[in-house]
Amino acid sequence: MLAGNQIPTKDGAPVITRSFLGDAVSVGEARRFVHAALVDWKMPELANTAELVVSELASNAVLHARRASFRVTLARLNDDRARVAVVDHSTDLPQRIDAAAADAHGRGLAIVEAVSTAWGTEPLNCGKKVWADLEKPHPELPVDRDPMNSSPLAQPVYVLILAVLAAVVVSGLAAQH
C-alpha cells in the first residue's frame, strides 16, 4: 500500500495525495512518492518524468510559497496518462519565464512545459494548484534518431547542462577580474 490518501472518484480512476512539510527534504520525498505510485499503477514509463516534474513544482512551493506545507496529488487519467499536481497556500500564480544563461534559477516551469503534454495553474480559495499531464510514449510513432530528441528529457537536460556550464564560465571570468 502506498503512503498517501486514496481519493474516491466517480469513475473509479486512481488518485492519491499526500502532504509534505514545506522544506527542501520534502522535495525528495515527493519524488519517491510519485515514483512509487506510478510503478504501483503499472506506469513505470512515466516515473522519471513525473519525478522531474514534481521536483520542479515542489521546489517552487518550498522556495516561493514559503509555507509550512504543500500537497502532491497524482491522478491516473487513463492507461497512458497521469496528472501530477502540487497545491500550496500561496495565492501568487507562477509565471513561466525565459531565464538567461547565467541565471541560477527560473527554468523550472520551462522544464515542466517541455516534458509534459499539458500544464497549468488553478487559483484556489486557500492558495493554488500547479499541475502537469504526462503521457506514455507511443511506440508506434517513428523514432527520431537525433540524440537531442531521443527522449522527452534529453533536450531540457541538455539545456540545463549548458546553462550550468555557462554560469560556471561566467562566474569564473568574473572572479578573474
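The structure under discussion appears in the preceding block.
Here goes a summary of the coordinates provided.

Further remarks concern the overall build of the protein. What the protein contains, in helices and strands, is four helices and six strands. Each helix and strand of the protein, ordered N terminal to C terminal, gives the series β-β-α-α-β-β-α-β-β-α. Going through the 177 residues of the protein one by one, you find that 35% of them count as buried. Across the protein, the fraction of contacts at a sequence separation of at least 24, relative to all contacts at a separation of at least 6, is 60%. Of the roughly 10400 Å² that the protein leaves accessible, carbon and sulfur atoms contribute 56%.

Now for the nonpolar core. In this structure, Leu38, Val53, Phe70, Val72 and Leu74 are the most contacted members of the largest nonpolar core, which totals 30 residues. For this core, the secondary-structure elements that each account for two or more residues are strand E2 (15-21), helix H1 (24-40), helix H2 (47-65), strand E3 (69-78), strand E4 (81-88), helix H3 (108-115) and strand E6 (127-135). With seven residues, the top contributor of residues to this core is H2. Once you skip the residues sitting within four places of it in the chain, Val53 turns out to touch Val84, Val112, Val115, Ala132 and Leu134.

Before going further, it helps to spend a moment on the side chain of Arg76. Note on placement: Arg76 falls in strand E3. The buried category is assigned to Arg76, whose relative accessible area is 16%. Within the local environment of Arg76, its side chain forms a polar contact with the backbone oxygen of Trp41, the two atoms lying 2.4 Å apart. Looking at Arg76, its side chain comes within polar contact range of the main-chain oxygen of Asn78, at 3.5 Å. Not counting the four nearest positions on each side in its chain, Arg76 is found in contact with Ala13, Pro14, Trp41, Met43, Arg81 and Ala82.

What the rule picks out here adds up to six salt bridges. One salt bridge in this structure joins Arg83 and Asp133, with 2.5 Å as the shortest N-O distance. Here Asp133 lies in strand E6 and Arg83 lies in strand E4, a separation of 50 residues in the sequence. For Arg83, a relative accessible area of 25% corresponds to the partly exposed category.

Axis angle and axis distance: for two packed helices, these are the angle between their axes and the distance between the axes, and together they describe the pair. Interaxial distance between H1 and H2 falls to 8 Å at its minimum, and their mutual angle equals 150 degrees. Taken together, the axes of H1 and H2 lie roughly antiparallel to each other. Both H1 and H2 take part in a crossing whose hand is right-handed. Contact residues: Ala24, Val27, Ala30, Arg31, Val34, His35 and Leu38 in H1; Ala47, Asn48, Ala50, Glu51, Val54, Ser55, Ala58, Ser59 and Val62 in H2. For the contact of H1 with H2, a count of residues per class yields 10 nonpolar, four polar and two charged.

Once that is clear, we can look at the pairing of E2. Pairing geometry for strand E1 (residues 5-6) and E2, over two bridges, is antiparallel. Counterpart to Asn5 in the pairing with E2 is Thr17. Bridging between E2 and E3 involves seven bridges; their strand directions are antiparallel. Among the inter-strand pairings, Val15 is bridged to a residue of E3, identified as Ala75.

Moving on, we get to unusual backbone geometry. Phi is positive for Lys42, which is not a glycine, with a value near 65 degrees. Lys42 gets classed as exposed once you look at its relative accessible area, which sits at 62%.

Rules of the game
Residues numbered from 1 in each chain as written. Predicted model: local features only at pLDDT ≥ 70, side-chain atom pairs only at ≥ 80, totals over all residues. Heavy atoms only, no water. Helix = DSSP H or I, 4+ residues; strand = E, 2+ residues; numbered from the N terminus. Buried < 20%, exposed > 50% of the residue type's maximum accessible area, 1.4 Å probe, protein only. Contact = heavy atoms within 4.5 Å. Areas by Shrake-Rupley, 256 points an atom, 1.4 Å probe, with all protein chains shown as cover. Core = buried A, V, L, I, M, F, W, Y, C linked by side-chain atoms within 4.5 Å. Polar contact = N/O pair within 3.5 Å; in protein donor to acceptor, adjacent residues only side chain to side chain. Salt bridge = Lys/Arg side-chain N within 4 Å of Asp/Glu carboxyl O. Axes fitted to C-alpha atoms, helices over the stretch in contact; angles between N-to-C directions. Parallel < 35°, antiparallel > 145°, perpendicular 65-115°, else oblique. Left-handed = near helix turned anticlockwise from the far one by under 90°. Nonpolar A, V, L, I, M, F, W, Y, C, P; charged D, E, K, R; others polar. Pairing = 2+ DSSP bridges.

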